[in-house]
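Here's the letter readout for the chains.
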Amino acid sequence: MNRCLFLLILFLFFVPDILGQANQKEPQAFAIQPKGLNISFGFYDNKFLRSQSFLPADYVPMIDSFAVGNEEGNEVFLHLTGENQASQHGAKLTGGNPGMRLVFIEKRELATSYGKQVVLVQKDTIHKLRVESYYEYSDASPTIRRYTKVFNEGIEDVGIEFLSSAILNNYNNITPGLPEENIRIHYAFNSWKAEAQWKTSKPSELGWNSNNAFNLTGAMFTSVGSWSTIRYLPMGMVENIKARITWFWHIEHNGSWHCEMSDTEEGSTYMYLGGPDAIHGDAWKNLKPGESYQTVSVALGCVKGGFDEAVAALTNYRRAMVIEPHDSYLKCPVAYNDYMKCLWAKPTTENELPLINAAARAKCDYFVIDAGWFTEKGESWHDAVGPWQPSKSRFDGGLQQLLDTIRKKGMIPGLWLEPEVVSINTFLKDKSDSWFMMQHGKRHIDNNRFSLDFRNPEVVEYMSSVVNRMVNEYGVGYIKMDYNNPTWGTETGTSSPGQGLLEQNRAVVEWLKTIRNKYPQLIIENCASGGCRMDYAMLSQCQLQSLSDQTDFTKCPAILVGALAAVVPEQLGSWTFPLPAANAREASFSMVNAMLCRIYQSGKISELSKESFDQVTKGIEIYKSVLAPFIPQSVPFFPLGMPSIEDEISPVAVGIRSGNKEFIAVWRMKGSEIVNIPSGAIRKVRLIYPEKLGIQVSEEKGSIRFDFPEEFMAAIVEVDK
């Protein structure tokens, strides 16, 4: 080989590589900056992306000790079967690989109808996985929607043990001191008839202790199964009391989810947010070559201030980014339902007609016949769900004649439906197993019901035909969709039972979306034994959230106040059910329970005294003329903090505000007849409901004074600031 040829070969083989290395720039720190936020990122070893801070745009940390430049501080937590979980993690989801070794590739930005989408792309070179982190936001709120996608670009299956929807790092590291000194965690217990019970705890009170090392556990909140809110609301807040800033989150999923907060070996703090995984929900995922996998969406934001400021930001985010538009949000129509403290799922023409007449006189807009319209007399409604055919024995002239009567009285009829389950003794039991959720080769049975599998097109077609019949043949304009029997997964055609449940959860939401698109005027109420599935996957498609099945009207304020942090006011339907023997004081107390959200009227209002019925009609009149136009633009606030359903003594209060105007509801319980509400400077305060019951309202320096002459009284005031 001559010398020239040899030099040419050297040039062709080595010079391009040398030039490529010379032109390859080290990645530079960058930030994502939604309105009101600054989300900063750095790099470890010049290639591994690490999330640095998530702060209000103009906030300057007291100290700058972020875990950037270190191994920890992952932007994504991802762990695969057979990989090393490279930390002493204990019960935590830290140290997962390939999450620790993902190499940053690029940042993409895209304008959207709501604002902007930023995608951060990382790659695992061993398994040929592409990981995309999505950040979506608008100018309406200092909040992002966050989710993660993984693409298998390799040639082998991989098993996903866990994958984060979002990670928040370093929320304690902006101020000196331990988490126990700096951090307060706000969270809400949730259960049947005791929804939205908010608590505030130090880390140690949730099992995250200052142990002179690092923790192998932390503050953890987990829900397993299709009742997404059976133990906790899927939302919370982390407040740094020294910095006076609060991070807030919610998880937009109608199934299993997990949140954990703890510290790392290097002393930084983190919060993991995600849907089901192999540990929490038995949701191991087998990802084949060419397939992709997406986590559930979460919202994550940060504000200066505390609980009230965080709720306001989340309320604005939900309206701007999650809820699909619907006419009912602007009008806030009043619905009457015949169930609560009334017919208890035993409707008949004889029982309904007085209620229909009374609801029409009270100016209700909808009249909903709850469970039982499909059962024969003497038959249990619980054991008859599935066929959804009108009863032949309950309604003189048939159900259709009764629904026509409702329309003639100026109201839109509604019916109850429980679409996701069928009773085990109906004809649907003869359908193939592919119709049902399956576990260990058997159908899942809960309280005499099978769970339908909405991944099956035949199931979707069947339930869509039921809704079509209700809307097109019966003329129904409101469907109360209940869900009383949860499930924990299915093994049919999926990687694991938890993955089957995730697919089912998404299929239910997709079905609801098709119903909403086909019938844009139809109102769908989301109910699961009250508020046992009170999440923003369901509420992205449903127009009303059932607050609770609580039957003691004196306990309802403590549920309502907490729920207004979880659901926007125009979607939260609160029962008001004055009892036949109720006096005007009790009837007005019950009405105030619903007047700052959506009135869901019930009770035997046809049997009320004139004085009590007048409180109902006056409450609805004021609601329609004054409150309903204000509610869709308002945000809640909590002048007395969060109440407890166990406390019968302390007063309860909640407000809604927009601009310089506020409406505040106050309930006197068994305590003092004088209730003072902090208000700051005000121009005018006026009692708008109830009248002529002896309640006095006056302005004092920095507060509003309520004088209630009796126990268990309530009032609403209008405040101009």
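Parameters at a glance
Residues numbered from 1 in each chain as written. Predicted model: local features only at pLDDT ≥ 70, side-chain atom pairs only at ≥ 80, totals over all residues. Heavy atoms only, no water. 1 Å grid on protein atoms, 1.4 Å probe; cavity = no way out; pocket = protein on both sides within 12 Å on 5 of 7 lines; lining within 4 Å. Points joined across faces, edges and corners; volume = space filled by probe spheres on them. Nonpolar A, V, L, I, M, F, W, Y, C, P; charged D, E, K, R; others polar. Pairing = 2+ DSSP bridges. Helix = DSSP H or I, 4+ residues; strand = E, 2+ residues; numbered from the N terminus. Axes fitted to C-alpha atoms, helices over the stretch in contact; angles between N-to-C directions. Contact = heavy atoms within 4.5 Å. Buried < 20%, exposed > 50% of the residue type's maximum accessible area, 1.4 Å probe, protein only. Polar contact = N/O pair within 3.5 Å; in protein donor to acceptor, adjacent residues only side chain to side chain. Expected span 1.5 Å × (residues − 1). Core = buried A, V, L, I, M, F, W, Y, C linked by side-chain atoms within 4.5 Å. Phe/Tyr/Trp six-rings, centres within 6.5 Å; stacked < 30°, edge-to-face > 60°. Lys NZ or Arg CZ within 6 Å of the ring centre and 35° of its normal. Salt bridge = Lys/Arg side-chain N within 4 Å of Asp/Glu carboxyl O. pLDDT = per-residue confidence, 0-100. Left-handed = near helix turned anticlockwise from the far one by under 90°. Disulfide = S-S within 2.5 Å.

(A) Just the layout of surface pockets, in detail. There is about 620 Å³ of room inside the largest pocket. Class assignment for the residues of the lining of the largest pocket results in ten nonpolar, seven polar and eight charged. Taken as a whole, the second largest pocket holds about 360 Å³ of empty space. Lining the second largest pocket are 22 residues, and of these Trp 192, Tyr 339, Asn 484, Ser 529 and Asp 549 sit closest to its centre.

(B) Inspection of the sheet that holds strand 35 (residues 652-658) at higher detail. Read across the sheet, five strands follow the order 34-35-36-41-38 without closing on themselves; strand pairing throughout is antiparallel. Of all the strands in the sheet, the pair left with one neighbour each is strand 34 (635-637) and strand 38 (684-689). This sheet shows a mean twist of 25 degrees between the axes of neighbouring strands, independent of strand direction. Relative to strand 36 (residues 661-668), strand 35 runs antiparallel, the two being bridged by seven bridges. The residue bridging Gly 655 from the neighbouring strand is Ile 664, located in strand 36. Where helix 10 (residues 556-563) meets the sheet, its contacts fall on strand 35 and strand 36, and the angle it forms with strand 35 comes to roughly 35 degrees. The strands touched by helix 12 (residues 610-627) are strand 36, strand 38 and strand 41 (713-720); relative to strand 38, the strand with the most contacts, the crossing angle is about 135 degrees.

(C) Representation of the sheet that holds strand 13 (residues 219-223) within the structure. Taken in spatial order, the four strands of this open sheet run 10-17-16-13, and their pairing is antiparallel. A single partner strand is all that each edge strand has here, and the edge strands are strand 10 (166-169) and strand 13. The average undirected angle you get between the axes of adjacent strands in this sheet is 10 degrees.

(D) Structural detail: the environment of Thr 94. Note on placement: Thr 94 falls in the loop between strand 4 (78-80) and strand 5 (103-111). Exposure remark for Thr 94: the relative accessible area of 7% places this residue in the buried category. Along the sequence, Thr 94 and Asn 74 sit 20 residues apart, while their C-alpha atoms lie 9.1 Å from each other. Non-local contacts of Thr 94, meaning those with residues more than four positions away in its chain, are made with Phe 77, Gln 85, Ser 87, His 89 and Tyr 270. Of the polar contacts made by the side chain of Thr 94, one reaches the side chain of Ser 87; its length is 3.1 Å.

(E) Molecular detail of helix 8 (residues 457-473). Between its first and last C-alpha atoms helix 8 spans 23 Å; for 17 residues at 1.5 Å apiece the expected length is 24 Å, and the two agree. Every buried residue of helix 8 is accounted for by Val 459, Tyr 462, Met 463, Ser 464, Val 466, Val 467, Asn 468, Arg 469, Met 470 and Val 471. Its side-chain oxygen placed 2.8 Å from the backbone nitrogen of Glu 458, Asn 456 serves as the N-cap of helix 8. At the C-terminal side of helix 8, Gly 475 shows a positive phi close to 75 degrees.

(F) Looking closely at the nonpolar core. Membership of the largest hydrophobic core comes to 144 residues, with the highest contact counts inside it found for Trp 373, Trp 388 and Trp 667. Residue contributions to this core peak at eight residues, all from helix 3 (residues 307-322). Within the second largest apolar cluster, 55 residues are counted, among which are Trp 249, Met 261, Met 271 and Leu 300.

(G) Spotlight on helix 11 (residues 584-592). The buried count for helix 11 comes to eight of nine residues, which makes it a mostly enclosed element. If you check which residues of helix 11 are buried, you get Ala 584, Arg 585, Ala 587, Ser 588, Phe 589, Ser 590, Met 591 and Val 592. Between the side-chain oxygen at the start of helix 11 and the backbone nitrogen of Arg 585 there is a gap of 3.1 Å, and the oxygen is on Asn 583.

(H) Fine view of the packing of aromatic side chains. Scanning all chains against the criterion turns up 38 aromatic pairs. With a centroid separation of 6.3 Å and 20 degrees between ring planes, the pair formed by Tyr 478 and Tyr 600 is classed as stacked. Within this pair, whereas Tyr 478 is found in strand 29 (residues 478-481), its partner Tyr 600 is found in strand 33 (residues 598-601), the two being separated by 122 residues in sequence. Lying across the ring of Phe 151, Arg 130 places its NZ or CZ 4.0 Å from the centre. When the ring centre of Tyr 135 is taken as origin, the NZ or CZ atom of Arg 146, which lies over that ring, is 4.8 Å away.

(I) Main features of the pattern of salt bridges. According to the stated counting rule, one finds 35 salt bridges in the structure shown. With its nearest N and O atoms 3.2 Å apart, the salt bridge here joins Lys 721 to Glu 662. Of this pair, Lys 721 sits in the segment after strand 41 while Glu 662 sits in strand 36; the two residues are 59 residues apart in sequence, bridging distant segments of the chain. Take Glu 662: its relative accessible area is 5%, and that puts it in the buried class. Residues participating in the shared-partner salt-bridge network are Glu 106, Arg 108, Lys 123, Arg 130, Glu 132 and Glu 153.

(J) Representation of the pairing of strand 10. Residues Ala 166 and Leu 168 point to one face of strand 10 and Ile 167 and Asn 169 to the other, with burial holding for every one of them. As paired elements, strand 10 and strand 17 (residues 269-274) share four bridges and run antiparallel to each other. In the strand pairing of strand 17, Ile 167 is matched with Tyr 272.

(K) Layout of the confidence of the model for the protein chain. For the protein chain, per-residue confidence averages 95 on the pLDDT scale, and residues scoring 70 or more make up 96% of the total. For the stretch residues 4-23, pLDDT sits under 50, and the model shows four contacts to residues farther than four places along the chain or on other chains.

(L) Representation of the packing of helix 8 against helix 9 (residues 497-518) within the structure. Remark: helix 8 packs on helix 9, axes separated minimally by 11 Å, with the N-to-C direction vectors making an angle of 35 degrees. For the pair helix 8 and helix 9, the sense of crossing is right-handed. From helix 8, Val 460, Met 463, Ser 464, Val 467 and Asn 468 reach across to helix 9, where they touch Trp 511, Ile 515 and Lys 518. Residues of the contact of helix 8 with helix 9, tallied by class, amount to five nonpolar, two polar and one charged.

(M) Looking closely at the state of the cysteines. Scanning the model with the defined rule gives zero disulfides in all. With no disulfide of its own, Cys 532 has Cys 527 as its nearest cysteine by sulfur position, at a separation of 8.4 Å. The closest cysteine sulfur to the non-disulfide-bonded Cys 597 is located on Cys 332, 9.1 Å from its own sulfur.

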